[in-house]
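If you want the building blocks of each chain, they are given just below.
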Amino acid sequence: LTDSFTARKRSSIMRCVKSARTRPEEHVRGLLRQCRIKYRSQFRRLPGTPDFALPDLRVALFVHGCFWHGHGCPRGRRVPKSNRTYWTAKVARNIQRDAKNVKGLRLIGWRSVVLWECRLSDDAGLRRRLFSLAPKPLR
Ligand SMILES: [Zn+2]
């Protein structure tokens, strides 16, 4: 793939992309703290290195960017005009890999939960979802 930017410009662009991508994770981290849910970040010992692993609940949380992981929302369908085939194939591979990770997690008794970037502004909804993950109390 050819790049029309200079190396310097490109690296500054990628830095921005990177920091923009970490922000949603920071948001979720804050909510987990508020909800007093124990978590581990970037847990490499689980398939797919979940953004957050909740060991007590055996839940793997993935904070997914809508475009990269092929969400069906408007943001997820906004494929760049140039190199369309490349991006479409890349997203398709990501979707496949995500499915494989969910399967791998299920095999070792972990649930997977995806938090989509487009829904992160709904704090009340997110909190409800996080609380609903807790195991039901035994009677
Ligand atoms: Zn979305």
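Below is a summary of the structure that appears in this document. Going along each chain's sequence as written, the residues are numbered from 1 onward. Totals for whole chains, interfaces and linings use every residue, but because this is a predicted model, local features are given only for residues with pLDDT of at least 70 and side-chain atom pairs only at 80 or more, for both listing and counting. Heavy atoms throughout the structure, all of them, feed into the side-chain values; hydrogens and water do not.

Quick look at the packing of aromatic side chains
Then comes step 1: Stacked, tilted and edge-to-face pairs are distinguished by plane angle, under 30 degrees for stacked and over 60 for edge-to-face with tilted covering the rest, among Phe, Tyr and Trp rings (Trp via its six-membered ring) whose centres lie within 6.5 Å. Within this structure, the stated rule accounts for five aromatic pairs.
Then comes step 2: Between the aromatic rings of phenylalanine 67 and tryptophan 87, the centroid separation amounts to 6.2 Å while the plane-to-plane angle is 65°, which identifies the pairing as edge-to-face. With phenylalanine 67 in the loop between strand E3 (59-64) and helix H2 (84-107) and tryptophan 87 in helix H2, this pair connects stretches of sequence that are 20 residues apart.
Then comes step 3: Measuring from ring centre to ring centre gives 5.7 Å for tryptophan 68 and tryptophan 87, while their planes differ by 75°; the resulting arrangement is edge-to-face. On the criterion of sequence distance, the pair formed by tryptophan 68 in the loop between E3 and H2 and tryptophan 87 in helix H2 is long-range, its members being 19 residues apart.
Then comes step 4: You can call tryptophan 68 partly exposed: its relative accessible area is 26%.
Then comes step 5: Members of the aromatic cluster, connected to one another through ring pairs, are Phe67, Trp68, Tyr86 and Trp87. Elements are defined by DSSP. Helices are runs of H or I of four residues or more, strands are runs of E of two residues or more, and each kind is numbered from the N terminus. Exposure categories follow from relative accessible area, calculated using a 1.4 Å probe and restricted to protein chains: below 20% of the type maximum is buried, above 50% is exposed, and the middle band is partly exposed.

Topic: the sheet that holds E3
Then comes step 1: At least two bridges found by DSSP between two strands are what make those strands a pair. Read across the sheet, four strands follow the order E1-E2-E3-E4 without closing on themselves; strand pairing throughout is mixed. The open sheet has two edge strands with one neighbour each: strand E1 (40-41) and strand E4 (111-116).
Then comes step 2: By the bridge criterion, two bridges tie E1 to strand E2 (residues 52-54) in an arrangement that is antiparallel. Its bridge partner being in E2, serine 41 is matched across the sheet by phenylalanine 52.

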